[in-house]
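In case you want the letters, here they are:
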Amino acid sequence: MKLNDKTVIYIPDGTEEKKALARTTHLAIAAHQDDIEFMAFAPIAECFGRKDKWFCGVVTTDGAGSPRNGIYANYTDEDMKKIRIEEQKKAAVLGEYGAQILLGYSSAEVKDKNNTDAVNDYIEILKASKPKFVYIHNLADKHETHVATAIKAIKALRALPSENQPEKVYGCEVWRNLDWLNDDEKVYLDCSAYPNLGRALSSVFDSQISGGKRYDLAAEGRRLANATFSESHSCDTYTGLNYAMDLTPLIKDKSLSVEDYVCEYIERFKLNVKNLIGKLK
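Below: a short report on this structure.

So, how was this worked out
Residues numbered from 1 in each chain as written. Predicted model: local features only at pLDDT ≥ 70, side-chain atom pairs only at ≥ 80, totals over all residues. Heavy atoms only, no water. Salt bridge = Lys/Arg side-chain N within 4 Å of Asp/Glu carboxyl O. Helix = DSSP H or I, 4+ residues; strand = E, 2+ residues; numbered from the N terminus. Buried < 20%, exposed > 50% of the residue type's maximum accessible area, 1.4 Å probe, protein only. Phe/Tyr/Trp six-rings, centres within 6.5 Å; stacked < 30°, edge-to-face > 60°. Lys NZ or Arg CZ within 6 Å of the ring centre and 35° of its normal. Pairing = 2+ DSSP bridges. Axes fitted to C-alpha atoms, helices over the stretch in contact; angles between N-to-C directions. Contact = heavy atoms within 4.5 Å.

## Details of the pattern of salt bridges
Reasoning step 1: For the structure on display, the rule yields 14 salt bridges.
Reasoning step 2: One salt bridge connects E109 with K6, and the closest N-O pair in it is separated by 3.3 Å. Taken together, the residues E109 in helix α5 (residues 107-111) and K6 in the segment before β1 (8-10) connect sequence positions 103 residues apart.
Reasoning step 3: A residue is classified by how much of its surface remains accessible, and K6, at 44% relative accessible area, is partly exposed.

Rendered as structure tokens:
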């Protein structure tokens, strides 16, 4: 692969790079270190301990702008970049990822709609890995870097020949959950397996947790809340659940407008609420 010069490629089990990527079945493209573990734990767990399924994680930014407190309060941006690379590597070992790629872009580079470098890197990675399933940020996320990452990932996926495109592309929740989606449009990502692994993966990112953000508790709490509140008239089916929106149509049909596609979800939700109130008032 011809990736940008700042790229770090880490293969936990030491398999040669080309082979490690070629075995990928599930791939997540995220903005920051720890996003993968929060939004794509379901595929991580699905691949864990398997030899016929392999997870590959792609982190786009360098983590320099993260908040910091406690022992990290006086760390420079360069210090944080190094810390967050090491944390992501630890997560890859714990989760038995087939490969972990860190592209090292700044948030400003990712949010620059005229900068196509990350798009080109994604294309290289997708061609080398040919995953069946791809997990990216959802387009209704409130974090600008997350949305920019998702848009660039969609551009890369659309650039692939149809025979090389994944079977499914899912937009996952991080900075804004997706419980507002109409039930028949929610994609359920089952996070019930290996709760100890999920907790361990979230806890790896100490620079964020000790630095003032309890992402570990929040991610686990969201999964539990989703599992419990997903169904009002039956006992719980899941012990942990993440929601996603199906973005596959955007990849298969390049004529679809990205913004219109996600706004139609919102309009359908609005109509659902309006109809229910009208029925019962």
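## A short note on unusual backbone geometry
Reasoning step 1: A positive phi angle is found at E96, which is not glycine, with a value near 55°.
Reasoning step 2: Among the residues examined, E96 registers a relative accessible area of 38% and is labelled partly exposed.
Reasoning step 3: In the Ramachandran plot, Y194 falls in the positive-phi region, its phi being about 50° despite a non-glycine side chain.
Reasoning step 4: Inspection of the secondary structure assignment puts Y194 in the loop between β7 (187-190) and α8 (195-203).

## With respect to the packing of aromatic side chains
Reasoning step 1: Counted by the stated rule, this structure contains 10 aromatic pairs.
Reasoning step 2: Aromatic side chains F38 and Y215 sit 5.8 Å apart centroid to centroid with 40° between the ring planes, which places their arrangement in the tilted category. With F38 in helix α2 (residues 35-39) and Y215 in helix α10 (residues 215-229), this residue pair connects regions lying 177 residues apart in the sequence. Summarising the burial analysis for this pair, F38 and Y215 share the class buried.
Reasoning step 3: Here F55 and Y97 contribute two aromatic rings whose centre-to-centre distance is 4.9 Å and whose plane-to-plane angle is 65°, an arrangement assigned as edge-to-face. Here F55 is found in strand β3 (residues 55-61), whereas its partner Y97 is found in the loop between α4 (77-94) and β4 (99-105), with 42 residues between them in sequence.
Reasoning step 4: The class for Y97 is buried, based on a relative accessible area of 1%.
Reasoning step 5: A connected cluster of aromatic rings, assembled from ring pairs, spans F38, W175 and Y215.
Reasoning step 6: One cation-aromatic arrangement involves K186 over Y243; the distance from NZ or CZ to the ring centre is 5.2 Å.
Reasoning step 7: Just above the ring of Y265 sits the side chain of R268; from NZ or CZ to the centre is 4.9 Å.

## Looking at the sheet that holds strand β8 (residues 241-246)
Reasoning step 1: Pairing is mixed in the open sheet, where eight strands are placed in the order β1-β4-β3-β2-β5-β6-β8-β7. The strands lining the two open edges of the sheet, one partner per strand, are β1 and β7. Sheet twist, expressed as the average angle between the axes of neighbouring strands with direction ignored, equals 25°.
Reasoning step 2: In the sheet, strand β2 (residues 26-30) pairs with strand β5 (residues 133-137) via three bridges, with the strands oriented parallel. Across the sheet, the residue bridging to A28 is Y135, located in β5.
Reasoning step 3: With respect to the sheet, helix α7 (residues 144-159) is in contact with β2, β3, β5 and β6 (168-172), its orientation differing from that of β5 by roughly 145°.

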